[in-house]
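As a plain string of letters, each chain reads:
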Amino acid sequence: MNISDRCAREVTVDAQRGLHTGIADRGHINAGSPATLFDRYPIDLPDLIRQIWTVRYSVPTGVLRQRVLGYPAVNVVFEPTVAALYGPEQRVGVRELQGDGWAVGILFRPAATPLLTPTPAAGLIGAEEAITLDGHMAVATAVAQVMSRPSDPVADRSEISAIMRSWLAPLVDRLTDAGHLANLACQVAETRDDIVQTSALADELHTSTRTVERVIREHTGFSPKWLIECRRMQRAATTLHAHPDTALAPLAADLGFADHAHFSRRYRSIIGETPDETRRAGRAAGA
């Protein structure tokens, strides 16, 4: 089985898990606000697209803040008055929602990055830029027509999937072997708790450490070590936000750290805040 075939198999399995795993779970630490109607789903371009996501929100007073842990890949997002390409964030981000609105986003696989923009992956981290892919204005118009009517989840999914499939399917033939390897490497780094070193990731993929380093950096801007650490820290952040009374020492041990002081330093480095700050945010959200 070659890399392309194996990657297709892996991401298809991931897609079949539906709405409750992977980025669907870790995207918003405090998802589920009654002010938002959020949906996400795969479409049948699994080597190119991880998922489509949509949100409708109504926040008539004040500001709703959503804490977000991202996936190391590009999002293309359509909103009522803007459409843009967004690179991945390194740390917890906060999205502020006000008034009434909607957004439709495409979370791409790492292999798609060089097909969407000439900007090197490292230059996309934390960045926003205009969409340059042909046909995006027609897509924006078609998406707005769907999202401007009353919500019908089944019909919305069907129509938006068809719009995105028609627009993006031609890119599939342009995916490279390096892109397929990047997809698979990220998939393994994200999901395999026993993979804690770049060398182990390379062994799992039957390739060299240098190759894994190169393809992941070229398609995500991050190092394999960061991806592995991110998986562990994202799990910790989700746990601490949902269960603020969780003790650090056993959590650190469960994630493979010898002591919670080392865990806390790595947590702040990856997440951008201390474990106690995440706990306080979780308590505030649950108040």
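Residues numbered from 1 in each chain as written. Predicted model: local features only at pLDDT ≥ 70, side-chain atom pairs only at ≥ 80, totals over all residues. Heavy atoms only, no water.

**Student:** With reference to specific residues and values, describe the overall build of the protein chain.
**Tutor:** Of regular secondary structure, the protein chain possesses 13 helices and six strands. Per-residue burial for the protein chain yields a buried fraction of 49% across its 287 residues. Within the protein chain, contacts between residues at least 6 apart in sequence are counted, and of these 73% link residues at least 24 apart. A total accessible area of about 13400 Å² is found for the protein chain, and carbon and sulfur atoms account for 51% of it. (Helix = DSSP H or I, 4+ residues; strand = E, 2+ residues; numbered from the N terminus. Buried < 20%, exposed > 50% of the residue type's maximum accessible area, 1.4 Å probe, protein only. Contact = heavy atoms within 4.5 Å. Areas by Shrake-Rupley, 256 points an atom, 1.4 Å probe, with all protein chains shown as cover.)

**Student:** Tell me about helix H13 (residues 275–286), and please be specific about residues and values.
**Tutor:** With 12 residues, H13 ought to run about 16 Å at 1.5 Å a step, and its terminal C-alpha atoms sit 17 Å apart, in line with that. What H13 keeps buried is the set Pro275, Thr278, Arg279, Ala281 and Gly282. Take H13 and look down its axis: the buried residues cluster within an arc of 165°, on one side only. Residues Arg280 and Ala284 are exposed on H13 and point more than 90 degrees away from its buried face. (Expected span 1.5 Å × (residues − 1). Arc of directions from axis to C-beta.)

**Student:** I'd like a description of the packing of helix H10 (residues 224–242) against helix H12 (residues 260–271), backed by residues and values.
**Tutor:** When two helices pack together, their arrangement is given by the angle between the helix axes and by the axis-to-axis distance. Where H10 contacts H12, the two axes come as close as 9 Å, and the packing angle between them is 100°. By the angle class used here, H10 and H12 are roughly perpendicular. Between H10 and H12, the residues in contact are Trp226, Glu229, Cys230, Met233, Gln234, Ala236, Ala237 and Leu240 and Phe263, Arg266, Tyr267, Ile270 and Ile271, respectively. Considering only residue class, the contact of H10 with H12 consists of 10 nonpolar, one polar and two charged. (Axes fitted to C-alpha atoms, helices over the stretch in contact; angles between N-to-C directions. Parallel < 35°, antiparallel > 145°, perpendicular 65-115°, else oblique. Nonpolar A, V, L, I, M, F, W, Y, C, P; charged D, E, K, R; others polar.)

**Student:** Could you give an account of the packing of aromatic side chains, with specific residues and numbers?
**Tutor:** Scanning the model with the defined rule gives five aromatic pairs in all. With centroids separated by 5.9 Å and ring planes inclined at 65°, the aromatic side chains of phenylalanine 78 and tryptophan 167 adopt a geometry described as edge-to-face. One end of the pair, phenylalanine 78, is in strand E3 (residues 75–78); the other, tryptophan 167, is in helix H6 (residues 153–168), and 89 residues separate them in sequence. On the accessibility criterion, phenylalanine 78 (1% relative accessible area) is buried. Ring centres of phenylalanine 222 and tryptophan 226 lie 4.0 Å apart, and the angle between their planes is 10°; this geometry places the pair in the stacked category. Comparing phenylalanine 222 with tryptophan 226, the two get one shared label, buried. Following the ring pairs from residue to residue traces out a cluster consisting of Phe257, Phe263 and Tyr267. (Phe/Tyr/Trp six-rings, centres within 6.5 Å; stacked < 30°, edge-to-face > 60°.)

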